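Understanding the architecture of this molecule
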Amino acid sequence: MPKLKLEDLAGVREKARKATLLREGAGRVKMTVHMGTCGIAAGARKIVEAALREVEEGDLRDVMVTTSGCAGLCSREPMATLEVVGEAPVKYVDLTEAKMKTIFKEHILGGRIVEQYALAVGSERTY
Amino acid sequence: MPHRMHLMVCAGTGCVANRSPEVRDALVSEIAKRGLQDEIQVVTTGCNGFCGAGPLMVVQPDGIFYQQLSLKDVPHLVEEHFLKGRPVKKLMYVPPETRTPLPKMMDIPFFSRQRLIALRNRGLIDPEKIEEYIARDGYTALAKALSQMTPQQILEEVKISGLRGRGGAGFPTGTKWEHVIRAEGEPKYVICNGDEGDPGAFMDRSIVESDPHSVIEGMLIGARAIGARWGVVYIRNEYPLAVQRLMIALDQAREYGLLGENILGTGFDFDISVSRGAGAFVCGEATALVSAVEGRPGEPRARPPRLAQHGLWNKPTCLNNVETWANVPPIINNGGAWYAQIGTEKSKGTKVFSLVGKINNTGLVEVPMGITLREIIYDIGGGVPGGKKFKAVQTGGPSGGCIPNELIDLPIDFESLTEAGSMMGSGGMVIMDEDTCMVDVARYFLAFTQDESCGKCTPCREGTQLMLDILTRITEGHGTMDDLEALEEVAKVVAEASLCGLGTSAPNPVLTTMRYFREEYLAHIQAHKCPAHVCRQLNTYRIDPVICVERGHGCGVCRRECPEKAIFGEKNQAHRVDASLCSKCGTCVDLCHFNAVIVE
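Conventions adopted
- Residues numbered from 1 in each chain as written.
- Chains lettered and ligands numbered in written order.
- Predicted model: local features only at pLDDT ≥ 70, side-chain atom pairs only at ≥ 80, totals over all residues.
- Helix = DSSP H or I, 4+ residues; strand = E, 2+ residues; numbered from the N terminus.
- Buried ≥ 20, exposed ≤ 12 C-beta atoms within 10 Å, placed from the backbone.
- Contact = placed C-beta atoms within 7 Å.
- Nonpolar A, V, L, I, M, F, W, Y, C, P; charged D, E, K, R; others polar.
- Expected span 1.5 Å × (residues − 1).
- Arc of directions from axis to C-beta.
- Domains from an automatic or database assignment.
- Pairing = 2+ DSSP bridges.
- Axes fitted to C-alpha atoms, helices over the stretch in contact; angles between N-to-C directions.
- Parallel < 35°, antiparallel > 145°, perpendicular 65-115°, else oblique.
- Left-handed = near helix turned anticlockwise from the far one by under 90°.

Quick notes on the overall build of chain A
The secondary structure content of chain A amounts to four helices and five strands. Starting at the N terminus, the α and β elements of chain A follow one another as α-β-α-α-β-β-β-α-β. Taken along the three principal axes of its C-alpha coordinates, chain A extends 55 × 30 × 25 Å. Out of the 127 residues belonging to chain A, those deemed buried represent 39%. In chain A, the share of contacts with a sequence separation of at least 24, taken over all contacts with a separation of at least 6, comes to 66%.

The following block contains the structure:
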């Protein structure tokens, strides 16, 4: 390991912080994919993987991807709730990997809610 | 790919002793069995402070707290929560008053009422990975101190903060640093006192095990301010996990160029060596500690000269406690004024207390100075178990004193505790209830200090033995009123004339218990009774004939098991104890299913 210079410290911190962001629940965006038994049966695991891939490939530093249990609307699974700090949470339903990619591009990075995929705006908040 | 869930498994000494590494290994293998290993990261952290509830784990990012985990819980937990998203209620914390589990860590009063500065990284990092310390702003204070501040400016921030030594004496840290800066001699040294000898105190252990870099960074900043080239961490050998994690941390810091020569390319040189204590309480005293590091017997010496002028190898030395050093990086990052806003007028910042004894929530708590004892005992500690009445809290370890119920609204700071006859000490808080005998408590602490007395000065060596003898006789029922007078007189001499803090503070438990619980001493001496029934020689054991016949039907278990054959009776008839034969062992009380044996 090369010895750090003053200016190197920030780079090490940024890189390491990506991993520890999840632990503090501190990020600008939290994407919770609902993964109860209904969600899993509907294919939620592929959706989570797609979300995690987006974070990895885009080298996003302030986005947390996590899972939770069943949200109650089993017929519209796979579902995900997107919470952005300072905004109302949005529930996205009937997801596919392609839709997840779009949500990342449009909503998380672009700041525009993808209305045609959304069920509701402003339901329960976890964050 | 990043993970979607982090399992923060506690591996502080308490949880490790309760087999948390086995639980962690079981989690890792169960998660692999389910194919979840790429999604879920299992992290081993240091001590979370809630040691009575271990082995424990926090699931992030939701902050769900699980306690008292065992191997058999793992498969169900992995399937229910980590796969299907249903947190497991039966593994959650249940507050004593209600029966509803509290899933989130930050809803549990024990955690939510704390304010973490020294323990800022608690449960959030793997102490064996320096990158995780850096991720939480680790070493940014050092970078700031080296590149944007002069040594004088660093000193100023520490002075403004009002930080006082956390090892027990509460000496203003900025002032101490200034003394060392002004002293003449090269090289200068900084020392970290990690001896933590007070029984029941484990704050420093927790900090070194969970966040060793916080201490290293503090020492680096101090060394820069003072102009020291070398540092020593003196840590007791009875903390093997802390020693191990500290060594790993030092190696990693050196690899990254944060210790050694030309640190961060700024030309600053500093390194730290480790010296292990060999089991003497007195070596927590600054001059005795230095003597031990030099390889000489651990005995204190007279002061002046202070360590600041003539310390390690007779050079100017700055010795501070583990917790004091851990507070330095946040003070530099946020400014001394930020720290000074917390706490009271004369006692700034927060303090880590170890809450032990007769309390529901046993563990470590960091709270702002000025919080009341009542809040710590009831809101954070969850009160006294078994519905028993709170009697006293012993603060400051064997050098401290007992504070009774009347003073429970006392705000905790250096001055108020001293006025009440106790002291802050290193932060130990032993809670006592109605079943504690205060005379026995005094005797217990005296037995400790007498044993640990190094023997160099007569007042301590002879005085502690004398006090212990008197107290032992009182607890055995042979005390007299003259003994009380003698006890007070000897106590005053030892307090005034001893060479070091061990001796001067050894009489504190005696003096405070005599001040606030004098009636217990009188009961032992005049009535030959121990009100709490702890001093067995003063107890009388009597069998209630009605209970024995109606409920126990004269079962005879006590008669058969009594080692002195002091119990007489026939089957179906009331048994009785012959007091002249009774050795007061209490076996009959323990064995009687019907609670027919009354202790008086």
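We are not done yet, so read on.
Section: the interface of chain B and chain A
Interface size, as often reported, equals the accessible area lost upon joining of the parts. Residue-level contacts link 29 residues of chain B with 31 residues of chain A. For the side of chain B that touches chain A, the secondary structure elements donating two or more residues are β1 (5-10), α5 (130-135) and α6 (140-148) of chain B. With four residues, α5(B) is the single largest residue contributor to the side of chain B that touches chain A. Of the residues in the side of chain B that touches chain A, the class split is 13 nonpolar, nine polar and seven charged.

Topic: helix α2 (residues 20-33) of chain B
Residues and elements named next belong to chain B. Its 14 residues place the ends of α2 20 Å apart at the C-alpha level, agreeing with the 20 Å of an ideal helix rising 1.5 Å per residue. Turning to α2, its buried residues are Ser 20, Val 23, Arg 24, Ala 26, Leu 27 and Ile 31. Down the axis of α2, the smallest arc covering the buried residues is 160°, so these residues share one side. Facing away from the buried side of α2, by more than 90 degrees, are the exposed residues Ala 32 and Lys 33. Considering only its buried residues, α2 is in contact with β1, α1 (13-17), β2 (40-45) and α3 (74-83). Just past α2, the residue Gly 35 takes up positive phi, approximately 70°.

Details of the domain arrangement of chain B
Its domain assignment divides chain B into domain 1 (5-112), domain 2 (130-340), domain 3 (350-433), domain 4 (438-527) and domain 5 (539-599). Averaged C-alpha coordinates put domain 1 of chain B and domain 4 of chain B at centres separated by 46 Å.

Structural notes on the pairing of strand β2 (residues 63-68) of chain A
All names here are of chain A. With five of six residues buried, β2 is to be regarded as a mostly interior element. The pairing of strand β1 (residues 29-34) with β2 spans six bridges and is classified as parallel. Within the sheet, the bridge partner assigned to Thr 32 lies in β2 and is Thr 66.

Here we look at the pairing of strand β7 (residues 260-263) of chain B
Residue and element names in this part refer to chain B. Judged from the two bridges that link them, β7 and strand β8 (residues 268-277) form a sheet pairing that is antiparallel. Bridge pairing links Ile 263 to Phe 268 in β8. Counted between consecutive antiparallel strands, the loop separating β7 from β8 contains four residues, among which Leu 264 sits at a positive phi close to 50°.

Quick word on helix α19 (residues 481-497) of chain B
Residue and element names in this part refer to chain B. Its 17 residues give α19 an end-to-end C-alpha distance of 25 Å, which sits within 8% of 24 Å, the value for a rise of 1.5 Å per residue. Buried within α19 are the following residues: Leu 487, Val 490, Ala 491 and Val 494. Projection of α19 onto a plane perpendicular to its axis shows the buried side chains occupying an angular sector of 110°, all on one side. For α19, the exposed residues set more than 90 degrees away from the buried face come down to Met 481, Asp 482, Glu 485, Glu 489 and Glu 496. On its buried face, α19 sits against α18 (458-475), α20 (501-505) and α21 (508-516).

Notes on the packing of helix α10 (residues 212-226) of chain B against helix α11 (residues 240-255) of chain B
All names here are of chain B. Packing of α10 against α11 brings their axes to within 9 Å, and their N-to-C directions diverge by 55°. Between α10 and α11, the crossing angle belongs to the class labelled oblique. Considering how the two elements wind past one another, α10 and α11 form a crossing that is right-handed. Across the interface between the two elements, Pro 212, His 213 and Ile 216 from α10 touch Arg 245, Leu 246, Ala 249, Leu 250 and Ala 253 from α11.

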